[in-house]
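What follows is the residue order along each chain.
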Amino acid sequence: MRLPEWIKVKASGMHETKTLLRSRRLSTVCEEARCPNKGFCFSKPTATFMILGDCCTRDCGFCSVSSGVPSCTDADEPERVAEAAEELGLKYVVITSVTRDDLPDGGASQFAETIMAVKKRLPHSKVEVLTPDFEGDIGALQIVLNAEPDVFNHNMETVKRLYSRVRPQADYERSLLVLQNARRLAPDIKTKSGFMLGLGEGMDEVLELLKDLRSAGCCFLTIGQYLRPTKNNLPVVEYIKPEVFEEIKENALAMGFEFVASGPLVRSSMNAEEMYWRSDV
Ligand code: SF4
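Report on the accompanying structure. Because the structure is predicted, anything quoted here is derived from the model rather than measured. (Residues numbered from 1 in each chain as written. Predicted model: local features only at pLDDT ≥ 70, side-chain atom pairs only at ≥ 80, totals over all residues. Heavy atoms only, no water.)

1. Considering the packing of aromatic side chains
Operational definition: A pair of aromatic rings is counted whenever rings of Phe, Tyr or Trp (Trp by its six-membered ring) have centres within 6.5 Å, and the orientation is called stacked for planes under 30 degrees apart, edge-to-face for over 60 and tilted otherwise. Secondary structure elements follow DSSP: runs of H or I of four or more residues count as helices, runs of E of two or more count as strands, with numbering from the N terminus. Throughout, exposure labels follow a simple rule: accessible area from a 1.4 Å probe, protein chains only, divided by the maximum for the residue type, with under 20% read as buried, over 50% as exposed, and the rest as partly exposed. Note on criteria: charge over ring means Lys NZ or Arg CZ within 6 Å of the ring centre, with the direction from the centre no more than 35 degrees off the ring normal.
Across all of its chains, the model carries three aromatic pairs by this definition. Ring centres 5.7 Å apart and planes at 50° place the aromatic pair Y92 and Y276 in the tilted group. One end of the pair, Y92, is in strand β5 (residues 92–97); the other, Y276, is in helix α11 (residues 272–278), and 184 residues separate them in sequence. Between Y163 and Y172, the ring centres sit 5.6 Å apart and the planes meet at 85°, which makes this aromatic pair edge-to-face. Across the pair, Y172 and Y163 agree in class, each one buried. The ring centre of F257 lies 5.4 Å from the NZ or CZ of R214, which sits over that ring.

Take a look at the structure:
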């Protein structure tokens, strides 16, 4: 399907940030997931660091990150992320990862090490983590929360009915429980989630998802248009009009979300810093 006129991507000023990331042997989800906002964010500069390698143990239908048998974890990675964040002058650092179901703690200790390395080197910067579900392992979740990120993010990605097609190795209720447990175990840490539109979901299903997220105590929300990264990924079922994103945003705010970013090009970490500071932290 042709891209509608409201999805126009500007690529600019990426070179310096890319060069720095390569020089530090660091991956970003911005590049691995072919995010349309890469040019905008890299030119700020900001980027979402992807730790634990670039090979995922899962194979979600919407994601272009390579799947397979990952390499072993890299002990120097947390410090390299902290150094790059300092060199980029980041006041708000976002850390995500592939899913590592092959690791006993799902990679939780690498998240904790990276949060602590960033906070030690940049004591005045805020840290947001966008984590996998750790297969529902509450011990792994506690390891991440003990490192005191400022925002804990775990994406729902889509509505319940579409899980088997969109994220077959994930579980809707389990992901909700990750957010609920994060809120219960660390009430001072803001929780955040996000999902895509355009994969065949209905408005009633979206409203159901919003209700479930609010029941799980979720504070921040991002909603964006699914864009097909490669021919191997799920087709776009529909390009949702900007006014529909606005309507869903109004519903979400009425349900009590503290901050909602909703629009065709909105992504989990895009303008994450603004979202944090504009909420009542
Ligand atoms: S868990 Fe799914 S979305 Fe996340 S990196 Fe792996 S394949 Fe991509």
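Now that the structure has been shown, we can carry on.
2. Side note on the site of the ligand
Here is the rule: Residues are classed as near a molecule or strand on a simple rule: at least one heavy atom within 4 Å of it. Lys, Arg, Asp and Glu make up the charged group, whereas Ala, Val, Leu, Ile, Met, Phe, Trp, Tyr, Cys and Pro make up the nonpolar group; the residues left over, Gly among them, are polar.
Close to the ligand lie C56, R58, C60, F62, C63 and T99. Among the residues forming the shell around the ligand, the class breakdown is four nonpolar, one polar and one charged.

3. Brief notes about helix α5 (residues 108–121)
For clarity, the cut-off: Take the residue count of a helix, subtract one, and multiply by 1.5 Å to get its expected span. Whether two residues touch is decided by their heavy atoms; if any such pair falls within 4.5 Å, the residues are in contact.
Helix length check: α5, at 14 residues, gives a terminal C-alpha distance of 20 Å against a target of 20 Å (1.5 Å per residue), a fit within 8%. Among the residues of α5, those classed as buried are A108, Q110, F111, A112, T114, I115, A117 and V118. Elements in contact with the buried residues of α5: β2 (48–51), α4 (77–87), β5, β6 (126–130) and α6 (138–146).

4. A look at the packing of helix α8 (residues 172–185) against helix α9 (residues 203–215)
What counts is decided by this rule: Angular values range over 0 to 180 degrees, each being the angle between N-to-C directions of two axes fitted as lines to C-alpha atoms, with helices fitted over their stretch in contact.
At a minimum axis distance of 9 Å, the contact between α8 and α9 shows a crossing angle of 40°. Facing Y172, L176 and L179 of α8, the residues of α9 in contact are E208, L209, D212 and L213.

5. Thoughts on the sheet that holds strand β10 (residues 259–262)
Spelled out, the test is: In this analysis, strands are considered paired if DSSP registers two or more bridges between them.
Strands sit in the order β1-β2-β5-β6-β7-β8-β9-β10 across an open sheet of eight strands; the sheet is mixed. Among the strands making up the open sheet, the edge pair consists of β1 (27–28) and β10. Where strand β8 (residues 190–197) meets strand β9 (residues 220–225), six bridges bridge the pair, whose relative direction is parallel. Across the sheet, the residue bridging to F195 is I223, located in β9.

6. Details of the side chain of D150
Topologically, D150 is positioned in the loop between α6 and β7 (151–153). Judged by relative accessible area, which is 14%, D150 ranks as buried.

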